[in-house]
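# Descriptive structure summary
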Amino acid sequence: MKIVVCVKQVPDTAAKVVVENGQVTWGDAPLVINPWDEYAVETALLQQEAHGGDVTVVSVGGEDAREALKHALAMGCGNAILISEPGLENADSLLTSRVLAAAIQKIGDVDVAFFGRQAIDGDVGVTAAQTARVLGWPSLTLVSEITEMDPGSKSVKVERSVEEGRQVVEGQLPAVISVMKDIGEPRYPSFMGIRKASRAEIPVWSTADIGTELVEPAVTWPELTNPPQQEVVTEIISGESPQETAAKLADKILEEKVL
Amino acid sequence: MDFALSDEHRMVQEMVRGFAQKEVAPIIKEYDRKQQMADFILPRMAELGILGICIPVRYGGQGMDYISLGLACEELEAVDSTLRVVMSVHMGLNSLALLQWGTESQKEKFLIPQARGDKIACFGLTEPGVGSDVAAMTSTARRVGDGYIINGEKMWISLATKSDHALVVARTDPEAPDPHDGLSAFIVEIDRVGVSTGDIHGKLGVRAGSTGWIAFQDVEVPRENRLGEEGEGFKIAMSCLDNGRYTVAAGATGLIRASLKASVEYANDRRAFGREIGKFQLVQQKIAHMVKSYEAAKLLYLRAGWMKNQGMRNTQETSLAKWFATDESFQAASEAIQIHGAYGYSDEYDVERYLRNAKGAIIYEGTSEIHQLMQAGYALEYRSDPQIRCELPAYDADDWQKSQ
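Source: prediction; values computed, not measured. (Residues numbered from 1 in each chain as written. Chains lettered and ligands numbered in written order. Predicted model: local features only at pLDDT ≥ 70, side-chain atom pairs only at ≥ 80, totals over all residues.)

### Overview of the overall build of chain B
Put simply, the rule is: Helical segments are the DSSP runs of H or I of at least four residues, strand segments are the runs of E of at least two, and each set is numbered from the N terminus. Computation of the radius of gyration draws on C-alpha atoms, with the globule rule given as 2.2 Å multiplied by the number of residues to the power 0.38. Burial is judged by counting the other C-beta atoms within 10 Å of a residue's own C-beta: 20 or more makes it buried, 12 or fewer makes it exposed, and any count in between marks it as partly exposed, with every C-beta position built from the backbone. What counts as a contact is two residues whose backbone-derived C-beta atoms lie within 7 Å of each other.
Looking only at helices and strands, one finds twelve helices and ten strands in chain B. A compact globule built from 404 residues would reach a C-alpha radius of gyration of about 22 Å, and chain B, at 21 Å, matches this within 12%. Expressed as lengths along the three principal axes of its C-alpha atoms, the size of chain B is roughly 80 × 45 × 45 Å. Split into buried and exposed, the 404 residues of chain B put 54% on the buried side. In chain B, of all internal contacts separated by at least 6 residues, the share reaching a separation of at least 24 is 75%.

### Side note on the overall build of chain A
Secondary structure summary: chain A contains six helices and 13 strands in total. Here the C-alpha coordinates of chain A stretch approximately 70 × 45 × 40 Å along the principal axes. Counting all 259 residues of chain A, 39% fall into the buried class. In chain A, 67% of the contacts between residues at least 6 apart in sequence involve partners at least 24 apart.

### Some words on helix 9 (residues 315-340) of chain B
Residues and elements named next belong to chain B. Going by this rule: A helix's residues, less one, multiplied by 1.5 Å, set its expected span.
Between its first and last C-alpha atoms helix 9 spans 37 Å; for 26 residues at 1.5 Å apiece the expected length is 38 Å, and the two agree. Along helix 9, 21 of the 26 residues are buried, which leaves the element largely enclosed by surrounding structure. Just beyond helix 9, the residue with positive phi is glycine 341, at close to 60 degrees.

### Thoughts on the environment of B:Trp213
Residues and elements named next belong to chain B. Positionally, tryptophan 213 belongs in strand 7 (residues 211-222). Judged by local crowding, tryptophan 213 falls into the buried class, with 20 C-beta atoms found within 10 Å. Each C-alpha atom, one on tryptophan 213 and one on tyrosine 382, is 35 Å from the other, the two residues being 169 residues apart in sequence. If we ignore the near neighbours within four places in the chain, the residues touching tryptophan 213 are Glu153, Lys154, Met155, Ile157, Ala160, Thr197, Gly198 and Ile200.

### Brief notes about the domain arrangement of chain B
Residues and elements named next belong to chain B. For clarity, the threshold we go by: An automatic or database domain assignment provides the domain bounds reported here. All residues other than Ala, Val, Leu, Ile, Met, Phe, Trp, Tyr, Cys, Pro, Asp, Glu, Lys and Arg, Gly among them, are scored as polar; the first ten of these are nonpolar and the last four charged.
Each assigned domain of chain B is listed here: domain 1 (7-120), domain 2 (123-234) and domain 3 (237-399). Inter-centroid distance (C-alpha atoms) of domain 2 to domain 3 is 28 Å. Between domain 2 and domain 3, the contact holds 13 residues from the first and ten residues from the second. Contributing elements (two or more residues each) for the side of domain 2 that touches domain 3: strand 4 (165-171) and helix 7 (233-269). Partitioned by chemical class, the residues of the side of domain 2 that touches domain 3 number ten nonpolar, three polar and no charged.

### So, the pairing of strand 1 (residues 2-6) of chain A
Working note: regular strand, side chains alternate between the two faces of the sheet. All names here are of chain A. In plain terms, the rule: For two strands to be treated as a pair, DSSP must find at least two bridges joining them.
Within strand 1, four of the five residues are buried, which leaves it mostly tucked inside the rest of the structure. One ladder, built from five bridges, connects strand 1 with strand 6 (residues 54-60); its direction is parallel. When the bridges of strand 6 are listed, lysine 2 appears paired with aspartate 54. As paired strands, strand 1 and strand 8 (residues 112-116) are joined by three bridges and run parallel to one another. Bridge pairing in strand 8 places isoleucine 3 opposite valine 112.

### Examining helix 7 of chain B
For helix 7 of chain B, which comprises 37 residues, the first-to-last C-alpha distance of 53 Å matches the rise-based estimate of 54 Å (1.5 Å per residue) to within 8%. Within helix 7 of chain B, 31 of the 37 residues are buried, leaving the element largely enclosed by the surrounding structure.

### Regarding the interface of chain A and chain B
Contacts between chain A and chain B engage ten residues on the former and 14 residues on the latter. Each residue belonging to the side of chain A that touches chain B can be placed in one class, and the counts come to six nonpolar, two polar and two charged.

### Digging into the environment of A:Ser144
Residue and element names in this part refer to chain A. Secondary-structure assignment places serine 144 in strand 9 (residues 139-150). As for serine 144 and isoleucine 107, which are separated by 37 residues in sequence, their C-alpha atoms are 27 Å apart. Not counting chain neighbours up to four residues away, the residues in contact with serine 144 comprise Glu159, Arg160, Ser161, Met180, Asp182 and Ile183.

### Looking at the sheet that holds strand 12 (residues 175-179) of chain A
Residue and element names in this part refer to chain A. Definition in use: As a rule, the C-alpha atoms of each element are fitted with a line to give its axis, helices using only the stretch in contact, and angles between N-to-C directions run from 0 to 180 degrees.
The strand order across the open sheet formed by nine strands is 11-10-9-12-8-1-6-7-13, and the pairing between neighbours is mixed. The sheet is open, and its two edges are formed by strand 11 (165-172) and strand 13 (204-205), each paired on a single side. The strands that helix 3 (residues 93-107) touches are strand 1, strand 6, strand 7 (79-83), strand 8 and strand 13; relative to strand 6, the one it contacts most, it runs at about 150 degrees. Against the sheet, helix 4 (residues 127-135) makes contact with strand 8, strand 9 and strand 12, and its axis sits at roughly 65 degrees relative to strand 9, the strand it touches most.

### Here's the deal with unusual backbone geometry
Here the bond from A:Leu173 into A:Pro174 is cis, since omega is 0 degrees, no more than 30 degrees from zero. Its identity is not glycine, yet B:Trp156 carries a phi of approximately 60 degrees, on the positive side. A positive phi is found at B:Val206, a non-glycine position, where the angle reads about 35 degrees. For B:Val206, the location among the structural elements is in the loop between strand 6 (195-199) and strand 7. What makes B:Val206 buried here is the crowd of 25 C-beta atoms within 10 Å.

### Focus: the nonpolar core
Across soluble globular proteins, nonpolar side chains have a tendency to be buried as a group. Cut-off, in case you're wondering: Core membership is restricted to buried Ala, Val, Leu, Ile, Met, Phe, Trp, Tyr and Cys residues, and these are joined into a nonpolar core through C-beta atoms within 7 Å.
Ranked by internal contacts, the top residues of the largest apolar core, which has 187 residues, are A:Val5, A:Val57, A:Ala72 and B:Phe186. Top contributing element to this core by residue count: helix 7 of chain B, with 17 residues.

### Observations regarding the packing of helix 8 (residues 281-310) of chain B against helix 9 of chain B
Residue and element names in this part refer to chain B. For clarity, the threshold we go by: Reported orientations rely on four angle classes, namely roughly parallel under 35 degrees, roughly antiparallel over 145, roughly perpendicular from 65 to 115, and oblique for the rest. By definition, turning the near helix anticlockwise from the far helix through less than a right angle yields a left-handed crossing, and turning it clockwise yields a right-handed one.
In the contact formed by helix 8 and helix 9, the axes pass within 9 Å of each other and the chain directions differ by 155 degrees. Considering their axes alone, helix 8 and helix 9 lie roughly antiparallel with respect to each other. The crossing of helix 8 and helix 9 is left-handed. Facing helix 8, whose interface residues are Val283, Lys286, His289, Met290, Ser293, Ala296, Ala297, Leu300, Tyr301, Arg303, Ala304 and Met307, helix 9 presents Glu317, Thr318, Leu320, Ala321, Phe324, Ala325, Glu328, Gln331, Ala332, Glu335, Gln338 and Ile339. Tallied by class, the residues present in the contact of helix 8 with helix 9 amount to 14 nonpolar, five polar and five charged.

### Side note on the packing of helix 3 of chain A against helix 4 of chain A
Residue and element names in this part refer to chain A. Taken N-terminus to C-terminus, the directions of helix 3 and helix 4 make an angle of 50 degrees; their axes are 8 Å apart at the nearest point. By the angle between their directions, the pair helix 3 and helix 4 is classed as oblique. Every pair of crossing elements has a handedness; the one defined by helix 3 and helix 4 is right-handed. In this structure, helix 3 contributes Ser93, Leu94, Thr96, Ser97, Arg98, Leu100, Ala101 and Ile104 to the contact, and helix 4 contributes Thr127, Gln130, Thr131, Val134 and Leu135. Residue composition of the contact of helix 3 with helix 4, grouped by class: six nonpolar, six polar and one charged.

Structure below.
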């Protein structure tokens, strides 16, 4: 089974992200693999363990993205590919998905491509669906469990997390699947994986290498502003008894028109 | 000179940090209160390969270097000292001694299962009446036929009731002119007839860990369980301490880091007199001292780790790293409590646990006073480190990562 997993390097969740001069900055906070993508890597590795084959991890980004790829290699992925060139720095999800789709096609004979549900920086959450659209493959998004995957008959059955509950969906391989947290806790990198990752030579592909055209992103973020600061006043409601406190609180809520 | 950690080192840090922060930090207070070691800790550390981190792959380990061991210890103790204590005894004091002094058959029999985490190991040197004065120990190993009969009691033994193997030092020659030369080291399986163990409760710190005693009553041990030559026990014990102290130094560095982090967070959050308390210079001074202690402690243990990687004798440097880091960790934890005020005095915050945990390391594996004597001894040239028969092997990535 040939599996691709797409990952992104993002600022650490603990980083303080602010807007300065109309641009987002997280200072010198470290970059990490997008936490949602770790679930995608875990899913890819579980499928590889179940069906054999290999897992290739792919990222579109700058030199920093090597760290995300190395993390995935240390978790157990067999190969890594970085797609990088200057024009991709500000790629929107459509351009990213076109590049990823072209890379998946170049890798060839891919049965399934896994994504995390979204990246925690842009939080757009559509790259998986867009990549599926470009490839012309079924798009199974927000998957919380893969109940069946049969590379022989090219069939897949998943459970999706939707607002109303769980939705069971059947599809055909090759497919694009984006996964949720319920899919399973990502494993830690193993020491053997760490050694392999630290020595890995990661090939860098350009858009020319994968036979696609570098276009201007359709969506750009010309200027960003911080949300207006809110003054928060804390008031502690107390009373002689719990009943009195509750009554005072109810009056206050009504008075402030919270309800 | 290169101060940068390699990719490999950084990934080891992240991996061990992930385990400690995600799996242990959420439950540690509960187990500290219960004075109990959580059952999942040892099997999980084994599963992740941490228990064999710097043992060559052909001996069941992960083939990482000694700096990786130090970095792992720093990450573990940044969450709780009891995690690092596991590495100090299982790896530093026992498994590395097998790597250094063991015969191939001893490595096969004892080191491989230990490095895989299938067997847990501890170290029995201290006795109820003997701590720093090792040569005065009263445990005996009497030669009978082709083996030995061990009698005596070892006290303050970390993992005593969790272990399968103990490295035990006992007196084989009561008549030796120099009592240091009358000691020998043995690997004793805890399930041998005559071995009994128990836990010690009511400790000030490391309450979520296992500390106990081991008693030996006419325990028959075959000759092939003797580590090194007869009479080499003191030298072996001291070499074990070079490795155990390294893990303690690295761990105490993590404890300083944890105190610093907790203090910075609290100082940025807590307000007094209309501003965050971090704005007050006396709070800043405490934080500045913690930064100094952390950076210096880290450099000292990494130097010792680098020397181990090179195969250089590091008794002096490891002693200094251990003395400095443990003393400073106690100071950092104490000041962290001061910054937290009354809240720091309760177990609602972690810093009181840091202080309780910090104190033990100032006593075990050489008290601070012993390390001061050692450092003065080196400076005054009263002391030097004679060559020993088996030095700790230098790190060789290619060799250590070969499976055969």
